[in-house]
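Now for the letters of each chain:
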Amino acid sequence: MTINAEHIKTMTKSERAGAMPTVGSRLFSGPMLKRLRAYAPALVLIALCILITIANPNFIEPRNLVRIANSASVPLTLAMGLTFIILLGSIDLSVEGSLSVAAMVTVLLATNDANANAYGWLAVVAAIAASTAMGLTTGIIQTYLRIPSFMATLGVWFIGLGISVYMLGGSAIRLMDPAIRDLALSRFLGLPFAVWVALAAFLIACTVQYYTRLGRHIIAIGGGEDVAELSGINLRRVRIMAFGLAGFFFGIAGVLAAAQLGRSDAVIADGRLFAAVTAVVVGGTALTGGEGGVVNTLVGVLIVTVLSNGMILLGVSPYVQQTAQGLMIIAAVALSLDRLRLQIVK
């Protein structure tokens, strides 16, 4: 009687775990729960709106709804770019650095109180181009130097922030171009132009994800990089283009942030990374990649913005607000993970 040792050796940990599903796998990966995970963010958004309206009817006043939409414009645009990187199974921490550079370029090239430049909308084009170039550079660094996206984007974050602070001289410079300021001050159909710009960014992101080869390749790589490579997908090119696309959206967000605040300074991007990551994760896009998308992120942005607005209306302490957002992230990640596919968590 002999034992087939070769068969035992080739059995992986994942296969052994699949043969004996854990309690967590049975509880969190059933067909019903998979459907619940798909609709959970939308249900949470509806429940939030109902509860906050019951607690404070001022929540559904048109003026407050416009305020919510305006507050969501910058986070939505940032989160659109970040969604594509997370769909890859990577992470982009350069959000704040790219936004700072875009806002800085906008203010310094448009009419301002620090120099005689007055390039108008060319300043906006230059700002978006600068942020896109940063994204492409990040992708090249990450792919060709084989540096983990966490560290590569962390370095680009601080490089961008340092450049922005240096160019601004460490002070706040006012944006005085009336046309660019109108993005925040003027309205169309009752909504600030910034909201319409954010919605346009959302439509662009939807088009890329659902109707282009790049979008399909991003999903494929996030679902399984080895399989995607065997299918003939150029991993390097897709990654570089994805980071460049993220930089494009970060640039638009930087322009909107400068228009809303009417200035650019060293702290214009503070907290933006946390808000963007929270929105993407809460919306249901899995950190492991390949699941979710920009529609999920739209719902996530609305959840985060509505929750923040509601807690302000209810007079909740800012410290409690941060605690609530932290708990929300943990709950969202727990619901978005498929325990059958993810046997080992590091």
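Preceding this paragraph is the structure being described.
Overview of the structure. (Residues numbered from 1 in each chain as written. Predicted model: local features only at pLDDT ≥ 70, side-chain atom pairs only at ≥ 80, totals over all residues. Heavy atoms only, no water.)

### Details of unusual backbone geometry
So, step 1. The phi angle at Arg146 is positive, at roughly 55°, despite the residue not being glycine.
So, step 2. Secondary-structure assignment places Arg146 in the loop between helix H7 (121–144) and helix H8 (149–168).
So, step 3. Since its relative accessible area comes to 69%, Arg146 is described here as exposed.
So, step 4. Of note in this structure, Leu189 is not a glycine but carries a positive phi near 55°. (Helix = DSSP H or I, 4+ residues; strand = E, 2+ residues; numbered from the N terminus. Buried < 20%, exposed > 50% of the residue type's maximum accessible area, 1.4 Å probe, protein only.)

### A word on the nonpolar core
So, step 1. Among the nonpolar cores identified, the biggest contains 71 residues, and Leu78, Phe84, Leu99 and Ile218 are the most heavily contacted of them.
So, step 2. The greatest single-element share of this core, amounting to 15 residues, is contributed by helix H13 (residues 235–261).
So, step 3. Those residues in contact with Leu99, other than ones at most four positions away along the chain, are Val74, Leu78, Phe250, Ala253, Gly254, Ala257, Ile268, Ala269 and Arg272.
So, step 4. One finds Ile52, Ile68, Val299 and Ile303 within the second-largest nonpolar core, a separate group that totals 13 residues. (Core = buried A, V, L, I, M, F, W, Y, C linked by side-chain atoms within 4.5 Å. Contact = heavy atoms within 4.5 Å.)

### Some points on the packing of aromatic side chains
So, step 1. On inspection of all chains with the given rule, the structure shows four aromatic pairs.
So, step 2. Geometrically, the ring pair formed by Trp157 and Phe158 is stacked, given 5.0 Å between the ring centres and 15° between the ring planes.
So, step 3. Here the aromatic rings of Phe248 and Phe249 are separated by 5.4 Å at their centres, their planes lie at 75°, and the arrangement is edge-to-face.
So, step 4. A relative accessible area of 26% places Phe248 in the partly exposed class.
So, step 5. Overall, Phe249 belongs to the buried group, its relative accessible area being 0%.
So, step 6. An aromatic cluster is present here, built from Phe84, Phe248 and Phe249 joined pairwise through their rings. (Phe/Tyr/Trp six-rings, centres within 6.5 Å; stacked < 30°, edge-to-face > 60°.)

### A short note on H13
Three- or four-residue spacings in an α-helix give side chains the same orientation, since the helix completes a turn every 3.6 residues.
So, step 1. When the terminal C-alpha atoms of H13 are compared, their 39 Å separation across 27 residues agrees well with the 39 Å that a helix rising 1.5 Å per residue should span.
So, step 2. One side-chain oxygen at the N-terminal end of H13 lies 3.3 Å from the backbone nitrogen of Arg236; it belongs to Asn234.
So, step 3. Looking one or two places after H13, you find Gly262, whose phi comes out positive at around 75°. (Expected span 1.5 Å × (residues − 1). Polar contact = N/O pair within 3.5 Å; in protein donor to acceptor, adjacent residues only side chain to side chain.)

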